[in-house]
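A look at the structure
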Amino acid sequence: MQSNSLKMRKAVSRLVKVLATLSAVIGLVALIWILMTVVSRGIGSLNFEFFTELPTPPGMSGGGLANAIAGTLVMTVIAAATAIPIGMLAGTYLSEVGKGTGMAEFIRLVNNIMIGVPSIIIGIFIYVLIVVPMKGFSGLAGAVALAVIMLPIVVRTTEDMLTLVPDSIRESALALGASRWRTTFDIVFRAAKNGLLTGVLLAVARVSGETAPLLFTALNSSYWFSGLNEPMANLTVTIFNYAMSPYTDWQAKAWGASLLIMVSILALTVTSRFIMKRQGRQ
Amino acid sequence: MKFLSAHRQKLPIATQALNPILEKSRNNRGVSDGVFRWATGLSAAIIPVGMLGLIIVMLLNSHLALKEFGLGFLTSDNWNPVTQEFGALSSIYGTFVSTIIAMLIAMPMGIAVGLFLVEWSSPKVESFFGTAIELLAAIPSIIYGMWGLFVFAPFMADHVQPFVNEYFGFIPLFDGPPLGIGMLTTGIILALMILPYVSSISRDVFKMVPSVIKESAYGLGSTNWEVTKYVTIPYALHGIIGAGFLGLGRALGETMAVTFVIGNSHRISASLFETCNSIASTLANEFTEASEPLYLHALVALGLVLFLITITTQVAAQLWLKHLVRKAGGS
C-alpha cells in the first residue's frame, strides 16, 4: 500500500464508493421495478366485481376473488387470535418471569430457531398432524399453520419490546405493593404499548403473504366456504394456481390479487413504522 | 426506655388491626401471581414442545422412505414416482447451488449498501434507503416469484443470457439454452430477497464502529476505502458473518419464489442456465400429488433434510451471535 501513489489510493477509494452507491441503486431499482410491475399489471383487474364475485372458469369474463379475500381474512384472523395471546404470554415469560433462568435461555434459543424454520416445513407438519387425521384439507389446518408461523415472531417481538422497558418502572410498581401480574400488564405493557402493537402488525403482515404453508393445508377452492373443515379459498394459493395457468384472464386476476396483497402488507409495514417513530418521539 | 416500650406495646395493636387486610391482599397476590406464572410458563413451554412434536411427527412420517433407501436417499439423483424410486440428490444440489449464487451476490452487495448508508450518505438519504430496504423485505415471496417468472426471466433470456453465453460460453457454467428460468435466475432473485437482511444488519454493525477509531485512521492519512478495509470491516466482521447466516437460512428454505423460476426438473446439470429443482420447490410441486405412502414418506424425508440443513445454520447463527454478544459485553 505504501508504494502506491496517493493518486492511485484515492482512485481506488473513489471506485469503491461508486460501487457501493451502485449496489444501493440496484437494490432501489429492483424495488421500484417490482412495485411498478405489480401495480401496472394488477390495477386493471381491481374492479367492483373483483371484491364481490366468485371466480369464473377460464375464458369466461368477469368474476372476482371475493371468496379468496374472505378466506385469507378468516384464516389470518383465526391465526392472529390464537398466536398473539399465546405468543405475548410466552414473551412475557421470557422477559419478566423466567428472566435469567436456564429455561428461558433454552426456550429463547428454540424460539429463534423456530423463526428460521422454512414455512413449507410447517405446512408439512400441519398436513400430517391435522389434514391426514381429518381426512381432508381444511381452512382450520391453514389457520393453524399460519398460527404456528406467527407464534415465534410474536414471542420474539414481545420479549424485545418488554426488555426495553427500564427496570425502575417495574420496581416502582412493585414497591407500591402491586402484584407481579398487575405490574406486568398494567405498567410494563402500557409502557411498551406501541412496540407491542408494531410487533403484532408486522407478524400479521408476515403471515398474510404466506403461500407455502397453505398449499397443502387449506388448499384452495372456487366456492364460498361453509365451514372450517373444508378446503378454503385464499389469495396467495389462488395467485400461485392462476399465475401458473396458461389462461391470460386468470393471470390478470393473479396480478390483481398480488397488488391487493402487496398494498395491504406494505400499508401494515408503513403503519407499524409510523407507530414506532411516534414512540421514539415521545 | 419508657417511651420506647410504650410504643412497642402500641405497635402490635396497629399491625394486628391491619393484619387481616394485609393477609388478604397477600393471599390474593399469591394466587393471581401463581396463575400469572403458570399461564406465561405454559405458553412458553408450547414452543419447545411444538418443536419436539414437529421432529417426531416428521420422523414418523418419513421412516418408510428412510428404511427403504437408507443413505442412498441422499446420494441418488433418481427421483421417479412411477417406479417408486426416490433419491434426493438433485433437490439437495439445487438448494445448495441456488443458495451459493444468492450468497455470492447478496453478501458483497449487502455490505456495500451498508457502507454506502453509514459512510457516504446524508441522514435523509439514509432514512429513504432504510425505508426502501424495509419494503423490499416486506414484499411476499410469491410476488418475487411472479415477477421473476413474467418479468425477470424474459429479461434474462433476451438480454443477459445471450450476452453472457457469447462471451463466457466457454465456461460450462454459462453454456446452455437462454431459457430465462433456471438456476442462475433463481439465484439472482434469492439474492434480491436476502439483500435487505444483509444490508440492514451491515448498516447496524457499521454504525457501532466507534468514530474515534475511524477518525484516528483518517488522521493518519488513510483514504475512505482504507479506513473501511482496515478499520470498519474488521471491526464489524462478526456482525457481518451473523448477517450471512441469517440470509443463508432464508435462501435455503425459500419456496414460492424458487418454485416459479427454477423450472422444476429433477436433474443435475453443469450449466447454470438449465432448469433444475430445490428441496422446497419439489415439496411445493409434488406434495399434493403423493398418493402412495412411500411417495409421501419420501417427500416428508426430503422436508426433514431441509429442516436439518436450516436448523444447523440457525443453531450456528444463534451460537455465533451469542458468542458475539458475550464478546461485546466483555470488552
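Residues numbered from 1 in each chain as written. Chains lettered and ligands numbered in written order. Predicted model: local features only at pLDDT ≥ 70, side-chain atom pairs only at ≥ 80, totals over all residues. Heavy atoms only, no water.

**Focus: the overall build of chain B**
The condition is simple: Per the convention used, a helix needs a DSSP run of H or I reaching at least four residues, while a strand needs a run of E reaching at least two, with both numbered from the N terminus. Only protein chains enter the accessibility calculation, which uses a 1.4 Å probe; a residue is then buried when its area is under 20% of its type maximum, exposed when over 50%, and partly exposed in between. In what follows, a contact means two residues having at least one pair of non-hydrogen atoms within 4.5 Å. Computed with a 1.4 Å probe, the accessible areas rest on the Shrake-Rupley method; for each residue, only the protein chains presented here act as cover.
Along the backbone of chain B there are twelve helices and two strands. For chain B, the succession of helices and strands along the chain, N to C, is α-α-α-β-β-α-α-α-α-α-α-α-α-α. Within chain B, buried positions represent 50% of all 331 residues. Counted over contacts in chain B with a minimum sequence separation of 6, partners at least 24 positions apart contribute 73%. For chain B, the computed accessible surface area is about 15500 Å², with 69% contributed by carbon and sulfur atoms.

**Looking at helix 9 (residues 193–208) of chain A**
Quick note on the threshold: Here a helix's expected span is defined as the number of its residues, less one, multiplied by 1.5 Å.
Taking 1.5 Å as the rise per residue, helix 9 of chain A with 16 residues should run 22 Å; its terminal C-alpha atoms sit 23 Å apart, in good agreement. Of the positions making up helix 9 of chain A, those classed as buried are A:Asn194, A:Gly195, A:Leu196, A:Thr198, A:Gly199, A:Val200, A:Leu201, A:Ala203, A:Val204, A:Ala205, A:Val207 and A:Ser208.

**Remarks on the pattern of salt bridges**
All names here are of chain A. Rules: Salt bridge criterion: a side-chain nitrogen from Lys or Arg within 4 Å of a carboxyl oxygen from Asp or Glu.
Taken as a whole, this structure holds twelve salt bridges over all chains when the rule is applied. Linking Glu-105 and Arg-108 is a salt bridge whose minimum nitrogen-to-oxygen distance equals 3.3 Å. Residue Glu-105 and its partner Arg-108 are located together in helix 4 (residues 102–116), separated by three residues, close to a single helical turn. Classification of Glu-105 by relative accessible area gives partly exposed; the value is 37%. Through salt bridges with shared partners, one network takes in Glu-96, Asp-167 and Arg-170.

**Focus on the nonpolar core**
Here is the rule: Put simply, buried Ala, Val, Leu, Ile, Met, Phe, Trp, Tyr and Cys residues joined by side-chain atoms within 4.5 Å make one nonpolar core.
The biggest cluster of nonpolar side chains holds 172 residues, and the ones touching the most others in it are A:Ile120, A:Met150, B:Phe73, B:Tyr144 and B:Phe287. Here this core takes 14 residues from helix 12 (residues 293–330) of chain B, the largest share from any one element.

**Some words on the interface of chain B and chain A**
Selection rule: Accessible-area loss on putting two parts together, using a 1.4 Å probe and summing over both, is the definition of buried area adopted here. Whenever a nitrogen or oxygen atom comes within 3.5 Å of another N or O atom, the pair is scored as a polar contact, on the condition that within protein one atom can donate a hydrogen and the other can accept it, and that pairs from neighbouring residues in sequence are kept only if both atoms are in side chains. Residue type decides the class: Asp, Glu, Lys and Arg count as charged, Ala, Val, Leu, Ile, Met, Phe, Trp, Tyr, Cys and Pro as nonpolar, and the leftover types, Gly among them, as polar.
Listed per partner, the contact involves 78 residues of chain B and 80 residues of chain A. Of the roughly 7100 Å² buried between chain B and chain A on both sides combined, carbon and sulfur atoms contribute 81%. Here chain B and chain A share two salt bridges between them. Of the charged contacts, one joins A:Arg273 and B:Glu134 as a salt bridge, the two residues approaching to 2.5 Å between their closest N and O atoms. Counting every contact that joins chain B to chain A gives nine residue pairs in polar contact (both at pLDDT 80 or more). Here the side of chain B that touches chain A gets 20 residues from one element, more than from any other, and that element is helix 1 (residues 2–60) of chain B. Within the side of chain B that touches chain A, the residues separate by chemical class into 50 nonpolar, 21 polar and seven charged.

**Here we look at the domain arrangement of chain A**
A common way to report how large an interface is uses the accessible area buried once the components associate. Residue and element names in this part refer to chain A. The test is simple: Domain borders in the structure are assigned automatically or taken from a domain database.
What the domain assignment lists for chain A is domain 1 (2–45) and domain 2 (67–281). Spacing between the C-alpha centres of domain 1 and domain 2 amounts to 33 Å. Tallying the contact residues gives eight residues for domain 1 and eight residues for domain 2. Of the roughly 660 Å² buried between domain 1 and domain 2, counting both surfaces, carbon and sulfur atoms make up 85%. Its largest share of buried area at the contact with domain 2, domain 1 owes to Val-38, Arg-41 and Ser-45, together 58% of the area lost on that side. The interface formed by domain 1 and domain 2 includes zero salt bridges. On the surface where domain 1 and domain 2 come into contact, there are one residue pair in polar contact (both at pLDDT 80 or more). Split into classes, the residues belonging to the side of domain 1 that touches domain 2 amount to four nonpolar, three polar and one charged.

**What to know about the domain arrangement of chain B**
Residues and elements named next belong to chain B. With domains assigned, chain B is organised as domain 1 (2–60) and domain 2 (65–330). Here domain 1 and domain 2 have C-alpha centroids that lie 48 Å from each other. Counting from both sides, the interface comprises six residues of domain 1 and, opposite them, six residues of domain 2. Across the domain 1 to domain 2 interface the summed buried area is about 490 Å²; carbon plus sulfur atoms make up 89%. Counting across the interface, domain 1 meets domain 2 through zero salt bridges. On inspection of domain 1 and its partner domain 2, the count reaches zero residue pairs in polar contact (both at pLDDT 80 or more). Partitioning the side of domain 1 that touches domain 2 into residue classes produces six nonpolar, no polar and no charged.

**Some words on the packing of helix 4 (residues 89–119) of chain B against helix 7 (residues 183–207) of chain B**
All names here are of chain B. Threshold: Where helices are involved, their axes are fitted lines through C-alpha atoms of the stretch in contact, as for all axes, and angles between N-to-C directions lie from 0 to 180°. By convention, the crossing between two helices is left-handed when the near helix turns anticlockwise from the far helix through less than a right angle, and right-handed when the turn is clockwise.
At their nearest, the axes of helix 4 and helix 7 sit 5 Å apart, and the two run at 35° to each other. When you trace helix 4 past helix 7, the crossing you get is right-handed. Its residues assigned to classes, the contact of helix 4 with helix 7 shows 23 nonpolar, nine polar and two charged.

**With respect to the side chain of B:Thr282**
Residues and elements named next belong to chain B. Take Thr-282: it is sitting in helix 11 (residues 279–286). At 2.8 Å, the side chain of Thr-282 and the backbone oxygen of Ser-278 are in polar contact. For Thr-282, the contacting residues outside a window of four places in its chain are Trp-79, Ser-91, His-266, Asn-277, Phe-287, Leu-299 and Leu-302.

**Some thoughts on the confidence of the model for chain B**
Residue and element names in this part refer to chain B. Cut-off, in case you're wondering: Here pLDDT means the predictor's own confidence in every residue, given as a number from 0 to 100.
Of all residues in chain B, 90% attain a pLDDT of 70 or more, and the chain-wide mean is 86. Scored below 50 in pLDDT, residues 1–15 makes zero contacts in the model with residues more than four places away or belonging to other chains. The ipTM assigned to the predicted complex is 0.91, against a pTM of 0.89.

**Some points on a nonpolar patch on the surface**
Under the convention used in this document: Each patch groups residues whose relative accessible area exceeds 30% and which form no salt bridge, using 9 Å between like charges and 5 Å between nonpolar side chains of Val, Leu, Ile, Met, Phe, Trp and Tyr.
Together, A:Leu15, A:Leu19, A:Leu22 and A:Ile26 make up a nonpolar patch on the protein surface, roughly 370 Å² of accessible area in all. Residue position: A:Leu19 is located in helix 1 (residues 6–42).

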